[in-house]
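Results of the structural survey
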Amino acid sequence: MLTTLTEDGDAVLILDQTLLPREIVQRRLSTLAEAAHAIRAMQVRGAPLIGACAAYGLALALRQDAGDAALDEAIATLAATRPTAVNLNWALARLRRLLAPLASAARAEAAWREARAIAEEDAAANAAIGRHGMDLLAEIAASGRKAPVRLMTHCNAGCLATVRHGTALAPVYAAHDAGLAVHVWVSETRPRNQGLLTVWELAQAGVPHTLIADNAAGLLMMRGEVDIVVVGADRIAANGDTANKIGTYLKALAARAHGIPFYVAAPLSTIDHACPHGGDIPIEERDGRELGAAPDVPVANPAFDVTPAGLITGIVTERGIFPPEALRELA
Ligand code: MRU
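So, a few notes on the structure that sits alongside this text.

1. Focus: unusual backbone geometry
In this model, L20 is joined to P21 through a cis peptide bond whose omega is -5°. Among the secondary structure elements, P21 is positioned in the loop between β2 (11–15) and β3 (26–29). Cis geometry marks the peptide bond from R190 to P191; its omega dihedral reads 5°. Note that P191 resides in the loop between β5 (182–187) and α7 (194–205). Positive phi values are uncommon outside glycine, yet T189 reaches one of about 70°. Assignment of secondary structure puts T189 in the loop between β5 and α7. Of note, the phi angle at N193 is positive, near 60°, even though the residue is not glycine.

2. Observations concerning the site of the ligand
The environment of the ligand is formed by 19 residues, the closest being R45, R82, D234, N244 and K245. Here an oxygen atom of the ligand sits 2.8 Å away from a polar atom, N or O, in the side chain of N244. For the ligand, whose unbound accessible area comes to 410 Å², protein coverage reaches 100%. Judged by the proximity of its atoms to the pocket grid, the ligand belongs to the largest cavity. Elements supplying a minimum of two residues to the shell around the ligand: α2 (47–64) and β9 (242–245). The class makeup of the residues in the shell around the ligand is 8 nonpolar, 7 polar and 4 charged. Taken domain by domain, the shell around the ligand gets at least three of its residues from each of domain 1 (5–121) and domain 2 (127–330).

3. Quick word on the sheet that holds β9
For sheets, the rule is that strands pair by backbone hydrogen bonds, running either parallel or antiparallel. Strand order in the open sheet formed by 4 strands is β11-β8-β9-β12, and the pairing between neighbours is mixed. Looking at strand neighbours, the two that pair on one side only are β11 (271–272) and β12 (304–307), the edges of this open sheet. The pairing of strand β8 (residues 235–237) with β11 spans 2 bridges and is classified as parallel. Looking at the pairing, A237 lines up with D272 of β11.

4. Let's talk about empty space enclosed by the protein
Under the criterion given, the structure shown has 1 cavity of 30 Å³ or more. The volume enclosed by the largest cavity comes to roughly 180 Å³. Broken down by secondary-structure element, the contributors of at least two residues to the lining of the largest cavity are α2 and β9. Taken together, the residues of the lining of the largest cavity break down into 12 nonpolar, 8 polar and 4 charged.

5. Re the packing of helix α5 (residues 104–142) against helix α6 (residues 170–177)
With their axes 7 Å apart at the nearest point, α5 and α6 run at an angle of 70° to one another. Overall, the two elements α5 and α6 adopt an arrangement that is roughly perpendicular. In the packing of α5 onto α6, the handedness of the crossing is right-handed. Within the contact between the two elements, α5 uses N126, I129, G130, G133, M134 and L137 and α6 uses A170, P171, V172, A174 and A175. Considered class by class, the residues forming the contact of α5 with α6 number 8 nonpolar, 3 polar and no charged.

6. Side note on the packing of aromatic side chains
Under the criterion given, the structure shown has 1 aromatic pair. Both rings, one in Y56 and one in W112, keep their centres 5.0 Å apart while their planes meet at 75°; by these two values the pair is edge-to-face. Of the two residues, Y56 is situated in helix α2 and W112 in helix α5; the sequence distance between them amounts to 56 residues. For the residue pair Y56 and W112, the accessibility class agrees, reading buried in each case. Over the face of the ring belonging to W112 we find R63, whose NZ or CZ atom lies 4.3 Å from the ring centre. The ring of F304 has K245 sitting right over it, with the charged end atom 4.1 Å from the ring centre.

Reading the values: rules and limits
- Residues numbered from 1 in each chain as written.
- Predicted model: local features only at pLDDT ≥ 70, side-chain atom pairs only at ≥ 80, totals over all residues.
- Heavy atoms only, no water.
- Helix = DSSP H or I, 4+ residues; strand = E, 2+ residues; numbered from the N terminus.
- Near = heavy atom within 4 Å.
- Polar contact = N/O pair within 3.5 Å; in protein donor to acceptor, adjacent residues only side chain to side chain.
- Areas by Shrake-Rupley, 256 points an atom, 1.4 Å probe, with all protein chains shown as cover.
- 1 Å grid on protein atoms, 1.4 Å probe; cavity = no way out; pocket = protein on both sides within 12 Å on 5 of 7 lines; lining within 4 Å.
- Sits in = over half its atoms within 2 Å of the grid points.
- Nonpolar A, V, L, I, M, F, W, Y, C, P; charged D, E, K, R; others polar.
- Domains from an automatic or database assignment.
- Pairing = 2+ DSSP bridges.
- Points joined across faces, edges and corners; volume = space filled by probe spheres on them.
- Axes fitted to C-alpha atoms, helices over the stretch in contact; angles between N-to-C directions.
- Parallel < 35°, antiparallel > 145°, perpendicular 65-115°, else oblique.
- Left-handed = near helix turned anticlockwise from the far one by under 90°.
- Contact = heavy atoms within 4.5 Å.
- Phe/Tyr/Trp six-rings, centres within 6.5 Å; stacked < 30°, edge-to-face > 60°.
- Buried < 20%, exposed > 50% of the residue type's maximum accessible area, 1.4 Å probe, protein only.
- Lys NZ or Arg CZ within 6 Å of the ring centre and 35° of its normal.

Encoded structure:
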């Protein structure tokens, strides 16, 4: 399995995802500014990994100054890095609850321990998502159609987007390890091409896959070449509406049109119970230059979209698989 974030003495090592898959470069983060930059510049990306990196970033900040003002300032700096993935706010709120009542001398050490707990819990949650999600793939395999199970995913919700195992890809890895034949359709995911990260990690794991242009998804579904769609999530509202990488919604619409089950796989840390529905989820607008147009071309570049709960068959969490309307029971 790939190591996206590891402790290295007083610092953390990350894999710079802006350079993958061309170059494999680790970066050492030893200050708040470096951690905030890594998240903002998408050197680390993917909702669960962003949450873990932010937790370590806060721990690094408190090594310099653990007073009340510094705590507030570091949390504000990290919270401002990216707006959509709620795991960021979730991790920072968890640390604030723990740290605020402590004497400042005890904060840095406690923050580091909690960041480690967040990272370890993410790995464990994703492993459980893999076990639950594998049941869906096994059911398809048992339904009598010829192997392999043909799964479509979008963006990168694999090992690289988490501390370990991935979310949408965790069931794929679990099935592959159990000897169940799976083939993954990987959409390119314009404009940042996170699909290339997915291809890279599936290749490392020896999982059969095929890269497609984003716009090929509908045709493949229409031709009956897709058994199931599984994507990750950046924020799931209390009613099950789900924000994920731009283009997810179109896949959900096409899946519904062709009677293909559409699942979201995410840890409980991605569910925002304080957000009633998808319209309240902040959508990151990124630099228009990511689209590669000439500088004078007017450009809109929303990085995420919201798939309404009604298009989602189920949400695969570490506690099991839930219909979107049942998420409130998990609050
Ligand atoms: O902009 P990114 O690359 O951070 O967006 C990532 C995604 O949209 C993932 O699908 C999502 O975070 C789930 S990751 C397990």
